[in-house]
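Examining the three-dimensional arrangement
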Amino acid sequence: MSPHTTRLKAAAIGATTALALTACGGGTGSDGDKAAAGTPQGVVSQAEAKKIADHYEQVNNKANAAQDEKLLATVEAGQVYAMDKATYTLVKAGPAKERKAYAKPFSYRDRQYVIPEKGTATWFAVRATSSQDSENSVVLVFDKVGGTHKMVLSLWTDGASLPEPALDKHGLAEVVDPGTKVGKLAPSDIGAAYEDLLQTGGKKKGTALTSTKPVENAKKIHQRSGKEGAADGMATKMFFAKTPADPSVYALRTADGGVLALFPAAHKQESLLKEPYRSSASLVPSEEQSAFGATRGPLITDTFEGQGIAELTPKAARITAVDFQHVDAR
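Remember, it's a predicted structure, so these values are computed and weren't measured experimentally.

Let us look at the packing of aromatic side chains. Counted according to the given criterion, the structure contains 6 aromatic pairs. Ring geometry for Tyr 56 and Phe 142: centres 5.9 Å apart, planes at 80°, overall edge-to-face. Residue Tyr 56 is found in helix H1 (residues 46-66), and its partner Phe 142 is found in strand S4 (residues 133-145); the two are separated by 86 residues along the sequence. Judged by relative accessible area, which is 1%, Tyr 56 ranks as buried. Measuring from ring centre to ring centre gives 6.0 Å for Tyr 88 and Tyr 102, while their planes differ by 90°; the resulting arrangement is edge-to-face. Remark: Tyr 102 occurs in helix H4 (residues 96-102) and Tyr 88 occurs in helix H3 (residues 78-93); sequence separation between them is 14 residues. Across this residue pair, the class does not change: Tyr 88 and Tyr 102 are buried.

Right, here's the structure in full:
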């Protein structure tokens, strides 16, 4: 997973590439020293967390340079891997200049390891900046997959500040059950609430979300797609929520008493030629859609996998960042 400065433009929430028409035809956790008797230990020690993050950097840079998804799978899993595997498909199909930019090595700097107590979780988080972007911070989640800690979520704050995690006297973070409601929503509800913004404009689950930039942008996408459709208005464009590639949600108590939720989300976008035009025209996939296997016809379905950050309190549910990747088109 390269820093967001090199993520492809395909990471937009909806497929914005043109759909043409043709004539009839388609933490600080515990340190590396041995803990004193009776002292709680972290999921990993800080030294172990550093080693895991360092190994991820090395392997990820090598995998990015070759767009080697099998190598990437040794250090990534879950939602991030589903997104990055699709990115490799687009990088390989793109211009040489883009491939070269994506392969540029990077490292995570100014790291803060946020480590829960052993027995309360199988994962830990890292807050950092990138050697390619010192202005924005990122939250990385490493969970145990098949006996090995792999990166499963990677979320950039895009300039927004992150709340400080609540740490106990041993420097360990407090995990929150994703199913526990904080006000109107639980961390596990946030992904569906966000997708409701795209699907209905926020008339159902989305009503519980506080107005933030990501929320208002999603509402605008819904409104614009309903009004303008696709292919210069000759096709409709609709969104349908789907189960994410990995539905795992991660949540931490924050120092101000709230909850920081790191959540996955996913949807399909259907562009359907209106009935009057189906006998004389067809939707033509863009180069990006063609890279995933889409062919011309009356319907093109794009699939997007994503992830987001939300801050929950008894009074508000604020989504502060989202990141989506185009992963399929048919």
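A few words now on the side chain of Thr 320. Examined against the element boundaries, Thr 320 turns out to sit in strand S11 (residues 317-329). Relative accessible area serves as the criterion here: at 17%, Thr 320 is assigned to the buried category. Aside from chain neighbours lying at most four places away, what touches Thr 320 is Pro 214, Ile 309 and Glu 311.

By the secondary structure assignment, Pro 105 is in the loop between H4 and strand S2 (108-114). Using a relative accessible area of 56% as the deciding quantity, one classes Pro 105 as exposed. Residues Pro 105 and Ser 131 lie 26 residues apart in sequence; the distance between their C-alpha atoms is 9.0 Å.

For H1, built from 21 residues, the straight-helix expectation of 30 Å at 1.5 Å per residue is met to within 8% by its first-to-last C-alpha distance of 31 Å. Listing the buried residues of H1 in full gives Ala 49, Ile 52, Ala 53, Tyr 56, Glu 57, Val 59, Asn 60, Asn 61, Ala 63 and Asn 64. Taken from the residues just after H1, Gln 67 is the one with a positive phi, measuring 50°.

This part takes up the pairing of strand S3 (residues 123-130). In terms of burial, S3 is largely enclosed, as 8 of its 8 residues are buried. Pairing geometry for S2 and S3, over 5 bridges, is antiparallel. Its bridge partner lying in S3, Val 114 is registered against Ala 125.

Now for the nonpolar core. One finds Tyr 108, Phe 124, Phe 142 and Leu 262 to be the most contacted residues of the largest nonpolar core, which totals 45 residues. The set of elements that each furnish at least two residues to this core consists of H1, H3, S2, S3, S4, strand S5 (148-156), strand S7 (250-253) and strand S8 (259-273). Aside from chain neighbours lying at most four places away, what touches Phe 124 is Val 44, Ala 49, Ile 52, Val 114, Ile 115, Pro 116, Leu 140, Val 141, Phe 142 and His 149. Ala 261, Phe 263, Ala 310 and Leu 312 belong to the second-largest nonpolar core, a separate cluster that totals 26 residues.

Before going further, it helps to examine the environment of Ala 173. Along the chain, Ala 173 falls in the loop between S5 and helix H5 (190-200). Accessibility expressed as a relative area gives 6% for Ala 173, which makes it buried. Setting aside residues up to four positions removed in sequence, Ala 173 forms contacts with Val 114, Ile 115, Pro 116, Glu 117, Ala 166, Leu 167 and Leu 252.

Glancing now at the pairing of S8. With 12 of its 15 residues buried, S8 lies for the most part within the structure. Pairing geometry for strand S6 (residues 235-241) and S8, over 7 bridges, is antiparallel. Opposite Lys 237, over in S8, you have Ser 271 as the bridge partner. Pairing analysis gives 4 bridges linking S7 to S8, with the strands arranged antiparallel. Counted as the bridge partner of Arg 253 is Val 259 from S8. Linking two consecutive strands that pair antiparallel, namely S7 and S8, is a turn of 5 residues; a positive phi of about 95° is found at Gly 257 within it.

Cut-offs and rules
- Residues numbered from 1 in each chain as written.
- Predicted model: local features only at pLDDT ≥ 70, side-chain atom pairs only at ≥ 80, totals over all residues.
- Heavy atoms only, no water.
- Phe/Tyr/Trp six-rings, centres within 6.5 Å; stacked < 30°, edge-to-face > 60°.
- Helix = DSSP H or I, 4+ residues; strand = E, 2+ residues; numbered from the N terminus.
- Buried < 20%, exposed > 50% of the residue type's maximum accessible area, 1.4 Å probe, protein only.
- Contact = heavy atoms within 4.5 Å.
- Expected span 1.5 Å × (residues − 1).
- Pairing = 2+ DSSP bridges.
- Core = buried A, V, L, I, M, F, W, Y, C linked by side-chain atoms within 4.5 Å.

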